[in-house]
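Single-letter residue listing:
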Amino acid sequence: MTFLVQVGKFGAVGLVGFAVDVTVFNLLRTTVFDPHLVHAGPIYAKVFSTILAIFANWVGNRYWTFGKNRQEQTLREGIEFFAVSFVGMGIGLACLWLSHYVLGHTSVVADNISSNVIGLLLGAIFRFVLYRYWVFAPNRRTPAPAPVTGSLATVPHGRLVSER
């Protein structure tokens with residue numbers, strides 16, 4: 001059941017990231033990064049929008065989806081999270097690049113389908129697997145210190161023992 005709960009939470013966090021990504025992508029794609037103004041505009045728009053979505057996803061996944069498995073080494077966890085996220089972003093960018101520049105599907109709709117449907121789906125599968133089994137893997141948590149067991153040495157006849 002934990003797996004399905006994580007998938008559901010990952011999906012909810014992903015929807016927030018998706019809203020950020022799609023909104024910013026389309027805003028930039030149709031304004032400052034319009035391909036008529038900037039040849040690689042759709043790629044630049046996608047990079048910028050995805051980076052913003054990654055930050056939103058970092059917070060949601062770290063504190064909610066995988067909150068029980070957060071690492072004590074936040075810097076290491078963050079580096080791993082962003083590394084996985086950037087590879088996931090590369091998957092979406094590759095889909096956009098292939099569709100827009102190789103196949104010649106240059107409309108806003110085609111750019112959205114290639115990057116925000118196909119690329120996002122493939123990237124999400126990749127990210128979930130690596131977040132679950134690497135970045136936030138339960139076996140990577142720093143174990144809690146073992147409780148001290150045993151008895152303390154007693155001093156016969158109530159005498160004090162001096163330390164060296």
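Residues numbered from 1 in each chain as written. Predicted model: local features only at pLDDT ≥ 70, side-chain atom pairs only at ≥ 80, totals over all residues. Heavy atoms only, no water.

Just checking my understanding: could you explain the layout of surface pockets for this structure?
To find the voids left in a structure, one rolls a probe of water-molecule size over its atoms. There is about 390 Å³ of room inside the largest pocket. As for the largest pocket, its lining consists of 25 residues, of which G14, N57, L120, A124 and R127 are closest to the centre. Elements supplying a minimum of two residues to the lining of the largest pocket: α1 (2-29), α2 (41-65), α3 (74-102) and α4 (108-135). Classifying every residue of the lining of the largest pocket by side-chain character gives 11 nonpolar, 11 polar and 3 charged. (1 Å grid on protein atoms, 1.4 Å probe; cavity = no way out; pocket = protein on both sides within 12 Å on 5 of 7 lines; lining within 4 Å. Points joined across faces, edges and corners; volume = space filled by probe spheres on them. Helix = DSSP H or I, 4+ residues; strand = E, 2+ residues; numbered from the N terminus. Nonpolar A, V, L, I, M, F, W, Y, C, P; charged D, E, K, R; others polar.)

Help me understand the packing of aromatic side chains in this model?
Aromatic ring pairs are defined here through the distance separating the ring centres and the angle between the ring planes. With the rule as written, the count across this model stands at 14 aromatic pairs. One aromatic cluster is present, formed by F3, F10, F55, W58, F66, F81, F82, F86, F128, Y131 and F136 through successive ring pairs. A cation sits over an aromatic face here: K46 above F25, 5.5 Å from the ring centre. Lying across the ring of Y63, R62 places its NZ or CZ 5.3 Å from the centre. (Phe/Tyr/Trp six-rings, centres within 6.5 Å; stacked < 30°, edge-to-face > 60°. Lys NZ or Arg CZ within 6 Å of the ring centre and 35° of its normal.)

Hey, could you run me through the pattern of salt bridges in this one?
Opposite charge on two side chains lets them pair, provided their charged atoms get close. For the structure on display, the rule yields 4 salt bridges. Note that R29 is salt-bridged to D111, the shortest N-O span being 2.8 Å. Placement of the pair is R29 in helix α1 and D111 in helix α4, with a sequence separation of 82 residues. Here R29 falls in the buried class, since its relative accessible area comes to 4%. Residue R62 pairs with E77 through a salt bridge whose shortest N-O separation is 2.4 Å. (Salt bridge = Lys/Arg side-chain N within 4 Å of Asp/Glu carboxyl O. Buried < 20%, exposed > 50% of the residue type's maximum accessible area, 1.4 Å probe, protein only.)

What is the right way to read the packing of α1 against α4 from this model?
With their axes 10 Å apart at the nearest point, α1 and α4 run at an angle of 145° to one another. Here the hand of the crossing between α1 and α4 comes out right-handed. Across the interface between the two elements, F3, Q6, V7, F10, F18, D21, V22, F25, N26 and R29 of α1 pack against V108, D111, N112, S115, N116, L120, A124, R127, F128, Y131, R132 and Y133 of α4. (Axes fitted to C-alpha atoms, helices over the stretch in contact; angles between N-to-C directions. Left-handed = near helix turned anticlockwise from the far one by under 90°. Contact = heavy atoms within 4.5 Å.)

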